[in-house]
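Structural overview
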Amino acid sequence: MATEALVLILSKLIFGAVATFLAIVLWSRTRDAAWMLIVIGTIVGYGEVLFTTLETFGMVDVSAVTIYGISVFRVVLANLPTVFFILAFSVMIARK
């Protein structure tokens, strides 16, 4: 594996872990629906980083479930954090 790819993976893992830790701390301090959705989106985003890392090292197989040759896991994990952010922003807009 190239050094550039390794540095990219490590930086995503480290910064994602810090963001996830802080999101969990925030979750324990607030019960606001919009903030909880942002926290969930952050946690799911870090899950996507972990899943991609495991895929890179050959520990998981993303082609287990495919539709028309497209990996369902890859599509869902790539878009799920954004869905939670959309929901959070919608809740904030509807509130005001």
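As the structure is a computational prediction, the values presented were derived from the model and not from experiment.

The rules behind each value
Residues numbered from 1 in each chain as written. Predicted model: local features only at pLDDT ≥ 70, side-chain atom pairs only at ≥ 80, totals over all residues. Heavy atoms only, no water. Helix = DSSP H or I, 4+ residues; strand = E, 2+ residues; numbered from the N terminus. Rg over C-alpha atoms; globule rule 2.2 N^0.38 Å. Buried < 20%, exposed > 50% of the residue type's maximum accessible area, 1.4 Å probe, protein only. Contact = heavy atoms within 4.5 Å. Areas by Shrake-Rupley, 256 points an atom, 1.4 Å probe, with all protein chains shown as cover. Lys, Arg positive; Asp, Glu negative; His and termini not counted. Charge placed at Lys NZ, Arg CZ, Asp CG, Glu CD. Salt bridge = Lys/Arg side-chain N within 4 Å of Asp/Glu carboxyl O.

1. So, the overall build of the protein
- Within the protein one finds three helices and two strands.
- Over its C-alpha atoms the protein spans a radius of gyration of 16 Å, topping by over 25% the 12 Å that the globule rule assigns to 96 residues.
- Seen along its three principal axes, the alpha-carbon backbone of the protein occupies a region of about 45 × 35 × 20 Å.
- Split into buried and exposed, the 96 residues of the protein put 22% on the buried side.
- Sequence-distant contacts, at least 24 apart, represent 58% of the contacts inside the protein between residues at least 6 apart.
- Entry remark: accessible area of the protein is about 6700 Å², with carbon and sulfur atoms responsible for 73%.
- Each charge class in the protein was averaged separately, 6 positive and 5 negative side chains, and the resulting centres sit 16 Å apart.

2. Points about the environment of Val 25
- Structurally, Val 25 can be placed in helix 1 (residues 3-29).
- In this structure the C-alpha to C-alpha distance between Val 25 and Val 39, which are 14 residues apart in sequence, comes to 9.5 Å.

3. What to know about the pattern of salt bridges
- Overall, the coordinates contain two salt bridges when judged by the stated rule.
- Between Arg 95 and Asp 32 there is a salt bridge whose closest N-O contact spans 2.9 Å. One end of the pair, Arg 95, is in helix 3 (residues 72-95); the other, Asp 32, is in the loop between helix 1 and helix 2 (33-56), and 63 residues separate them in sequence.
- Salt-bridge contacts for Arg 74 lead to Glu 55; the nearest nitrogen and oxygen are separated by 2.0 Å. Placement of the pair is Arg 74 in helix 3 and Glu 55 in helix 2, with a sequence separation of 19 residues.
- What makes Arg 74 partly exposed here is its relative accessible area of 44%.
- With relative accessibility at 23%, the residue Glu 55 sits in the partly exposed group.

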